[in-house]
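Residue-level structure breakdown
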Amino acid sequence: MSAVTGLRRVVTPSAVGKHAVLIGYTFVALFPIVLIVMNSFKARNAIFGAPLAPPTAATFSTIGYDTITKRGEFPTWLSNSVIVTGVVLVLVLVLGSMAAFALARYRFPGSRMLGLYLALGIMIPIRLGTVSILNLVVGLGLGNTLLALILVYTAAGLPLAVFVLSNFFREVPRELEDAARVDGAGHFRIFGMVVQLARPAIAVVAILTMIPVWNDLWWPLILAPGRSTATLTLGTQQFLGQFVSDFNAVLAALTIAMIPMLLLYVIFNRQFIRGLMGGALK
Amino acid sequence: MTSATRPARRRRPFPWHLVVFLGPAVALYSAFMVFPLLDSLRLSLFGPGGGGVGQFVGIDNYVRLLTDSNLAPRFWGALANNIEFFAIHMLVQNPIGLLLAVILSTRILRGRALYRTLIFTPTVLSVVIVGFVWKLILNPLWGVGEGALKAVGLGSFFAPWLGLQGPALIVVGLMSVWQYVGIPMLLFSAALLAIPDEIIEAARVDGAGAWRIFRGIQLPMIAPTIGVVAILTFVGNFNAFDLVYAVQGGLAGPEFSTDIMGTLFYRTFFGFQLQLGSPTLGATVAGMMFLIILFGVCLYLFVWQRRLVTYQA
């Protein structure tokens, strides 16, 4: 095997072509992001004069960030986003794995129907129920609250979580469970044990749940558009609308809005990629 | 029959553990997803009234949406634009994703994981942010986009596309393609990596080139994934809203040329500027979106998947 790879390491024209395509597309994917981040640290005349040049000592400026800091809303938006995404993540993982465990490990009348019922939500976008969700949220007195967002995102995230996790739980060998049962472990102890084994699947579900919640504009816009309840995505969107002509502020706002996700992605990129590819194999 | 005479048979206890395990998830999902979806379909059958909902009118709202001289042009326009938006993704995003995945499936290629990670980066960002990033780059005031085109000799090709009726939708579609190309790339990669090495090696030994291996082996073997990617693209596109709203605003200008079902739904429900919002008509637009998505999903389940089954058998 190693002999073969050793032999093929010789640079072939086809390998050069492949790298050229990949490098080319990587450039296309990253250029806009780098451009924005780079220019957010430059003075206005340098942004326009030499947009492709990285900031130097002469052109460095944080005036855009100063404008944002003065407004002081970004920390609120950021914490709103963290709260909503965090609570949704916990609820989807806990409630989803409990439901998935029951569907995968117990036989009871109607279990298949219930599984199908929960799976329906994977293909039907929850946005289509917006009119009634708004009525419901207002009726419950939850208008303009983060709780409304949390409830809707959790309901929307559960179908995929239950689907992925119950497929995983079905593959965990039953012998383990039987042995524990003989030893006198109850339903919840056994659930705890099986969940321990499901860590890779839980990472997949966590990532598939988190990205759309963090990035969503629709539900904050409709259920919680108030200044104090805006999420980072909604807040940034409104900020950008107001400051269209202040390039420094716009570039800084875009950079700040990108940083949390980019940071998470840099740290967990392996889980992101493996999660989505593994999810596809299932 | 009494328990005194037959002590051996124990009654099964009520399965409380099942209620605890399933109850919260099923309740939340039913209350905040299933109920609103059904209730929204119900609302679409009612006329406007004092408190928002009036009399039962049957399918009148749907008839109005499809034929009324004020509503119908917007609906058919949004539908046509949405079909074009979907076509752009099918013709640009998914082939590029497939091409990248095929290249990345080469067993001996340095930096595969790194390429994959870098190319996927835009996908984790918010659509809103992506829209603004591109809007800025294409802004003639800043001139970065124009400068980049000049550098490759296409300077005269540049125009303020987002303000032009013809190109605006294509440009918005390409922004979305740029962001989401990573998803088909990863899904196709996973499918390609699942093809056993021996098959491809055997073909290579028999003298098959890269194109023949792709056409003869890889493409047929990833057919199920092509279907999955197509249906995910379809549902995602017919449910899209954020990008158009962020880049072109709620009116999806210029002259509604970037209006898609999601922005039409938003305006119909909430109203925009001079137009008054209507919950029941909003629910009607959502009902149409539901039918469109249902149609796509059924097509996938009953046509594509069935063909695959017969093909494999």
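Here the structure is a predicted model, which means the values were calculated and not measured.

Here we take up the overall build of chain B. Of the regular secondary structure elements, chain B holds 14 helices and 2 strands. Here the C-alpha coordinates of chain B stretch approximately 90 × 65 × 35 Å along the principal axes. Within chain B, the proportion of its 313 residues that are buried is 39%. The contacts of chain B with a sequence gap of at least 6 include a subset with a gap of at least 24, amounting to 66%.

With that settled, consider the overall build of chain A. From N to C terminus, chain A includes 14 helices and 0 strands. Relative to the 2.2 N^0.38 estimate, which gives 19 Å for 282 residues, the radius of gyration of chain A is 24 Å and therefore markedly larger than a compact globule would have. In chain A, 75% of the contacts between residues at least 6 apart in sequence involve partners at least 24 apart.

The biggest cluster of nonpolar side chains holds 164 residues, and the ones touching the most others in it are Ala99(A) and Val152(A). The residue makeup of this core includes at least three contributed by each of domain 1 (2-67) and domain 2 (72-242) of chain A.

What follows is about helix 9 (residues 197-205) of chain B. Among the 9 residues in helix 9 of chain B, 0 count as buried, and that is only a small part of the element. Immediately beyond the C-terminal end of helix 9 of chain B, within one or two residues, lies Gly207(B), with a positive phi of roughly 95°.

The interface of chain A with chain B comprises 68 residues on the first partner and 64 residues on the second. The element that contributes the greatest number of residues to the side of chain A that touches chain B is helix 14 (residues 247-281) of chain A, accounting for 13 residues. A breakdown of the residues in the side of chain A that touches chain B according to their chemical character gives 51 nonpolar, 14 polar and 3 charged.

Accessible area lost upon the coming together of the parts is a frequently used measure of interface size. What the domain assignment lists for chain A is domain 1 (2-67) and domain 2 (72-242). Spacing between the C-alpha centres of domain 1 of chain A and domain 2 of chain A amounts to 36 Å.

We now examine the confidence of the model for chain A. Across chain A, the average pLDDT comes to 86, with 94% of residues at or above 70. Residue range residues 1-8 of chain A is modelled with pLDDT below 50. Its contacts to residues more than four positions away, or to other chains, number 2 contacts.

A few words now on the packing of helix 5 (residues 74-105) of chain A against helix 11 (residues 199-215) of chain A. Residue and element names in this part refer to chain A. Put simply, helix 5 and helix 11 touch, their axes get as near as 10 Å, and they point 145° apart. Judged by the sense of rotation from one axis to the other, the crossing of helix 5 with helix 11 is right-handed. The segment helix 5 lies against helix 11, with Ser81, Val84, Thr85, Val88, Leu89, Val92, Leu93, Gly96 and Ser97 engaging Ile202, Val205, Ala206, Thr209, Met210, Val213 and Trp214. Of the residues that constitute the contact of helix 5 with helix 11, the class distribution is 11 nonpolar, 5 polar and no charged.

Residue and element names in this part refer to chain B. For chain B, per-residue confidence averages 87 on the pLDDT scale, and 93% of positions sit at 70 or higher. Model confidence for chain B, summarised as mean pLDDT per element, is weakest for strand 2 (residues 275-276) at 78 and strongest for helix 3 (residues 71-104) at 94. Of the regions scoring below 50 in pLDDT, residues 1-5 engages in 0 contacts with residues more than four places distant in sequence or in other chains. With a pTM of 0.89, the predicted complex shows an ipTM of 0.87.

Residue position: Leu71(B) is located in helix 3. Considering only alpha carbons, one finds Leu71(B) and Gly131(B), 60 residues apart in sequence, at a separation of 28 Å.

Unlike most non-glycine residues, Asn144(A) shows phi in positive territory, near 55°. Positioned with a positive phi, Glu255(B) is a non-glycine residue whose angle comes to about 55°. Tracing the backbone through its elements, the reader meets Glu255(B) in the loop between helix 12 (242-248) and helix 13 (261-270). The class for Glu255(B) is exposed, based on 11 C-beta atoms found within 10 Å.

Following both chains from N to C, one finds helix 2 (residues 13-39) of chain A and helix 5 (residues 127-138) of chain B inclined at 80°, their axes separated by 10 Å at the closest point. The angle between helix 2 of chain A and helix 5 of chain B falls in the class roughly perpendicular. Counted together, Pro32(A), Leu35(A) and Ile36(A) of helix 2 of chain A and Val133(B), Trp134(B) and Ile137(B) of helix 5 of chain B form the full contact between these two elements. Residues that form the contact of helix 2 of chain A with helix 5 of chain B fall into these classes: 6 nonpolar, no polar and no charged.

Turning our attention to the environment of Gly115(A). Residues and elements named next belong to chain A. With respect to the element layout, Gly115 can be found in helix 6 (residues 111-123). On the basis of neighbour count, Gly115 is assigned to the partly exposed category, with 17 C-beta atoms found within 10 Å. With 16 residues separating them along the chain, Gly115 and Ala99 place their C-alpha atoms 9.3 Å apart.

Cut-offs and rules
- Residues numbered from 1 in each chain as written.
- Chains lettered and ligands numbered in written order.
- Predicted model: local features only at pLDDT ≥ 70, side-chain atom pairs only at ≥ 80, totals over all residues.
- Helix = DSSP H or I, 4+ residues; strand = E, 2+ residues; numbered from the N terminus.
- Buried ≥ 20, exposed ≤ 12 C-beta atoms within 10 Å, placed from the backbone.
- Contact = placed C-beta atoms within 7 Å.
- Rg over C-alpha atoms; globule rule 2.2 N^0.38 Å.
- Core = buried A, V, L, I, M, F, W, Y, C linked by C-beta atoms within 7 Å.
- Domains from an automatic or database assignment.
- Nonpolar A, V, L, I, M, F, W, Y, C, P; charged D, E, K, R; others polar.
- pLDDT = per-residue confidence, 0-100.
- Axes fitted to C-alpha atoms, helices over the stretch in contact; angles between N-to-C directions.
- Left-handed = near helix turned anticlockwise from the far one by under 90°.
- Parallel < 35°, antiparallel > 145°, perpendicular 65-115°, else oblique.

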